[in-house]
Amino acid sequence: MSLFGLKFRKKKLREVERQLQANNRDFNLQFEYANNSIKTSKYNFFSFLPLNLFEQFQRIANAYFLFLLILQLIPQISSLAWFTTVVPLVLVLAVSGVKDAIDDFNRHKSDKHVNNRPVQVLINGMLKDEKWMNVQVGDIIKLENNNFVTADLLLLSSSEPHSLTYIETAELDGETNLKVKQALTVTAELGEDLQKLTEFNGEVKCEAPNNKLDKFTGTLTLWGEKYALDNEKMLLRGCIIRNTEWCFGLVIYAGPDTKLMQNSGKTTFKRTSIDRLMNVLVLLIFAFLALMCLILAIGNGIWEYDKGYYFQVYLPWAEGVNSASYSGFLMFWSYVIILNTVVPISLYVSVEIIRLGNSFYIDWDRPYHYTQ
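Residues numbered from 1 in each chain as written. Predicted model: local features only at pLDDT ≥ 70, side-chain atom pairs only at ≥ 80, totals over all residues. Heavy atoms only, no water.

K.L.:
Mind showing me how you'd approach the sheet that holds strand β4 (residues 118–123) here?
P.N.:
Two pairing modes exist for strands in a sheet, parallel and antiparallel, and in both the strands are linked by backbone hydrogen bonds. Pairing is antiparallel across the open sheet formed by six strands, whose spatial order is β5-β4-β6-β15-β7-β13. A strand with exactly one partner marks an edge of an open sheet, and here the two such strands are β5 (126–131) and β13 (234–235). The pairing of strand β6 (residues 140–144) with strand β15 (residues 246–253) spans five bridges and is antiparallel. In the strand pairing of β15, Ile141 is matched with Gly249. (Pairing = 2+ DSSP bridges. Helix = DSSP H or I, 4+ residues; strand = E, 2+ residues; numbered from the N terminus.)

Listed below in structure tokens is the structure:
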């Protein structure tokens, strides 16, 4: 169900074993397997503001200045105008928000580009161009030399002798040397005969989706015979076909269920080492500020108790204050407001502007871009 762009769905039962049939979408749909669409972005139009603010107020300094702003709205203790805190706080939040919005916008663009890549899918005996996001578990697809692997596939056949297929796995493990995969002999006989591939109705039972790149176990049942499957017969999403004119594969895992996406994890709010260091320093500054305010508040209470009574005509207590101790309590929070410049929010402003500027410099540095 969708409401204002936010998706709500019933909780999916934990998958224990995957079962699928080739060329049988109706059979596979009953298991509600994920399609091949991916999403790496964190926000949408409606969730950006609340989620981004929630993440930013996890920074101690931001939370402190929000607390300070609340104090400044209380007339009994406020000694400075509220906008003296709002302006720097809004500036910090705005700069961070713009940077996060740009990053997430680029993620949306990347997701759209990947989801709309074309691939040849075998449908009703014919190869048809489909978008990656429309590929489903159990589909048979054709890949050609230098193509990215669309999903996690069981290799069926290829143009090379003995149905060998060469792949580059740099996007998965960083290795640029080619690896070799080989199809089962029984499926290698299918070749590129579309009629045979259309009639192929093998049933696969295998492990549930997981993030183990070097492990896969399952069985293929075909014409009453069972054949063992392992990782050497799998083409994983993110690999690139090399030195192989063509190959056919059966989609086993799609989209978020692929091993690549299982290893990607959920996009989270990241803290840099500078953020962690500044949080520690700000905590120390808070302790120092609290100590100063406590000493001043105690001094105020003592003075009000010992001498202040004689100055009531010239320095009357605020409305509602009826004791020296209560006056000291209010003065503690007043000093917190007055001495708020001890906490260096300007440092956060500077750091955020530097980060934003550096992100643009990285984007503009063309030698960083990989042309392929």
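K.L.:
Explanation requested: the pattern of salt bridges in the structure shown.
P.N.:
Close approach of charged atoms allows side chains with opposite charge to pair. Under the criterion given, the structure shown has ten salt bridges. Of the charged contacts, one joins Lys215 and Glu207 as a salt bridge, the two residues approaching to 3.1 Å between their closest N and O atoms. Residue Lys215 is classed as partly exposed on the basis of its relative accessible area, which comes to 36%. Overall, Glu207 belongs to the buried group, its relative accessible area being 12%. (Salt bridge = Lys/Arg side-chain N within 4 Å of Asp/Glu carboxyl O. Buried < 20%, exposed > 50% of the residue type's maximum accessible area, 1.4 Å probe, protein only.)

K.L.:
Honestly, the pairing of strand β11 (residues 218–222) in this entry has me stumped. Any pointers?
P.N.:
In regular strands, side chains alternate between the two faces of the sheet. Side chains of β11 alternate between two faces, with Gly218, Leu220 and Leu222 buried and Thr219 and Thr221 left unburied. Relative to strand β12 (residues 225–229), β11 runs antiparallel, the two sharing five bridges. Residue Leu220 lies in a different strand from β12, and its bridge partner there is Tyr227.

K.L.:
Which parts of the structure should I look at to understand the pairing of β6?
P.N.:
Counting buried positions along β6 yields four of five residues, so the element is predominantly enclosed. Strand direction decides the pairing type here: β4 and β6, joined by two bridges, are antiparallel. Paired with Gln120 across the bridge in β6 is Lys142.

K.L.:
In this structure, what is going on with unusual backbone geometry? I would like to understand it.
P.N.:
The phi angle of most residues is negative, glycine excepted, and most peptide bonds adopt the trans form. Residue His162 is not a glycine yet carries a positive backbone phi of 60°. One non-glycine residue, Asn243, lies in the positive phi region at around 55°. Tracing the chain through its elements places Asn243 in the loop between β14 (240–242) and β15.

Everything listed is a geometric property; what it means functionally is a separate question.
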